[in-house]
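Observations on chain architecture
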Amino acid sequence: MEERIDVFLELFREELPEYLLKLEKDAISKNVPILGHTTADILRFYLRSLHVKNVLEIGTAVGYSALFMRECANDLFITTIEKIDQRYEEALSNFNKYDKDSRITPIKADAMDAIVSLKKEEKRFQLIFLDAAKGQYSAYLPILIDLMEEGGVLIADNIFHNGAVVESRYAVTQRDRTIHDRLREFLKDITEHEKLDTLILPVEDGVAICQKK
């Protein structure tokens, strides 16, 4: 049913530029995880409804999601962080091809090191898209809250970790138990945090939307 609904919704989705369709196809063929269609709908909605001008993305991968967000508004600037050499280089190549007006600033660094540096620089962002190492989401959270403007939004992707998080920890493989526990901790943190209003959506692999009070 979920797959049928997604196919049906394609009739009403905004058409993507040809280059994004090609990037999506290439990423899927190489098993590189990229932005799902429903998560993309959510991002587009918040970017436009909040008139977002500055975005922080944690987890660039091949640059697809940054380029998608760039297409959502003509005055939107994106800072994106990637640690893995090969993905960073591929993203950089894609940005050189398709980000002609240089609205995307890539940072090659460990995510924690990068966000600590951004905090020291007193940077602030209206929207943060978190799609990096799932086991580090809770560790990132206090700094991300400091980086958010009041009324800003944090969107965290893949919070169910392929559905494992909703299972008992003893039902998942031993190697996944640490991520299982840490993502559950993250969900507890964002739903109980005094500075956040949080909505958890059971779409795709789970999306959390947190607005800073």
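Relevant structure appears above.
A brief look at the structure comes next. (Residues numbered from 1 in each chain as written. Predicted model: local features only at pLDDT ≥ 70, side-chain atom pairs only at ≥ 80, totals over all residues. Heavy atoms only, no water.)

Here's the deal with the overall build of the protein chain
Looking only at helices and strands, one finds eight helices and seven strands in the protein chain. For 213 residues, the compact-globule estimate of 2.2 N^0.38 gives 17 Å, and the protein chain sits close to it at 17 Å. Its C-alpha atoms put the protein chain at 45 × 45 × 35 Å along the principal axes. Of the contacts made within the protein chain by residues no fewer than 6 positions apart, 69% connect residues no fewer than 24 positions apart. When the accessible area of the protein chain is evaluated, it comes to approximately 11400 Å², of which 51% is carbon and sulfur surface. For the protein chain, the distance from the average site of its 29 positive side-chain charges to the average site of its 38 negative ones is 2 Å. (Helix = DSSP H or I, 4+ residues; strand = E, 2+ residues; numbered from the N terminus. Rg over C-alpha atoms; globule rule 2.2 N^0.38 Å. Contact = heavy atoms within 4.5 Å. Areas by Shrake-Rupley, 256 points an atom, 1.4 Å probe, with all protein chains shown as cover. Lys, Arg positive; Asp, Glu negative; His and termini not counted. Charge placed at Lys NZ, Arg CZ, Asp CG, Glu CD.)

Section: the nonpolar core
Phe68, Met69, Leu127 and Ile155 are the most contacted members of the largest nonpolar core, which totals 33 residues. Of all elements in the fold, only α2 (18-29), α3 (37-49), α4 (64-70), α5 (85-98), β4 (125-130), β5 (148-157) and β7 (207-212) reach the threshold of two or more residues within this core. Look past the residues within four positions of Ile155 in its chain and what remains in contact with it is Ile42, Leu43, Tyr46, Leu127, Ile128, Phe129, Leu130, Val207, Ala208 and Ile209. Counting 31 residues, the second-largest nonpolar core is a separate cluster that includes Ile115, Leu118, Phe125 and Ile190. (Core = buried A, V, L, I, M, F, W, Y, C linked by side-chain atoms within 4.5 Å. Buried < 20%, exposed > 50% of the residue type's maximum accessible area, 1.4 Å probe, protein only.)

What about the side chain of His161?
Within the secondary structure layout, His161 lies in the loop between β5 and α8 (177-192). When neighbours within four sequence positions are excluded, His161 is seen to be in contact with Lys134, Asp176, Ile179, Leu183 and Asp205.

A closer look at the side chain of Thr79
Within the fold, Thr79 resides in strand β2 (residues 77-82). Take Thr79: its relative accessible area is 16%, and that puts it in the buried class. If near-sequence neighbours (up to four positions away) are discounted, Thr79 is found in contact with Val55, Leu56, Glu57, Thr105, Ile107 and Phe125.

Here's the deal with the pattern of salt bridges
This model, assessed by the stated rule, comprises 19 salt bridges. One salt bridge connects Glu14 with Arg48, and the closest N-O pair in it is separated by 2.8 Å. On the criterion of sequence distance, the pair formed by Glu14 in the loop between α1 (2-9) and α2 and Arg48 in helix α3 is long-range, its members being 34 residues apart. The class for Glu14 is partly exposed, based on a relative accessible area of 41%. Overall, the relative accessible area of 34% leaves Arg48 in the partly exposed class. Residue Asp101 is joined to Arg103 by a salt bridge in which the shortest nitrogen-to-oxygen separation is 2.9 Å. Residues participating in the shared-partner salt-bridge network are Asp6, Glu10, Arg13, Glu14, Asp41, Arg44 and Arg48. (Salt bridge = Lys/Arg side-chain N within 4 Å of Asp/Glu carboxyl O.)

Here we look at the sheet that holds β5
In space, the seven strands of this open sheet follow the order β3-β2-β1-β4-β5-β7-β6, with mixed pairing throughout. The open sheet has two edge strands, β3 (104-108) and β6 (196-201), and neither has a second partner. Sheet twist, expressed as the mean angle between neighbouring strand axes with direction ignored, is 15°. Bridging between β5 and β7 involves five bridges; their strand directions are antiparallel. Paired with Ala156 across the bridge in β7 is Ala208. Helix-sheet contacts for helix α7 (residues 137-147) involve β1 (54-58), β4, β5, β6 and β7, and the interaxial angle to β5 is about 155°. (Pairing = 2+ DSSP bridges. Axes fitted to C-alpha atoms, helices over the stretch in contact; angles between N-to-C directions.)

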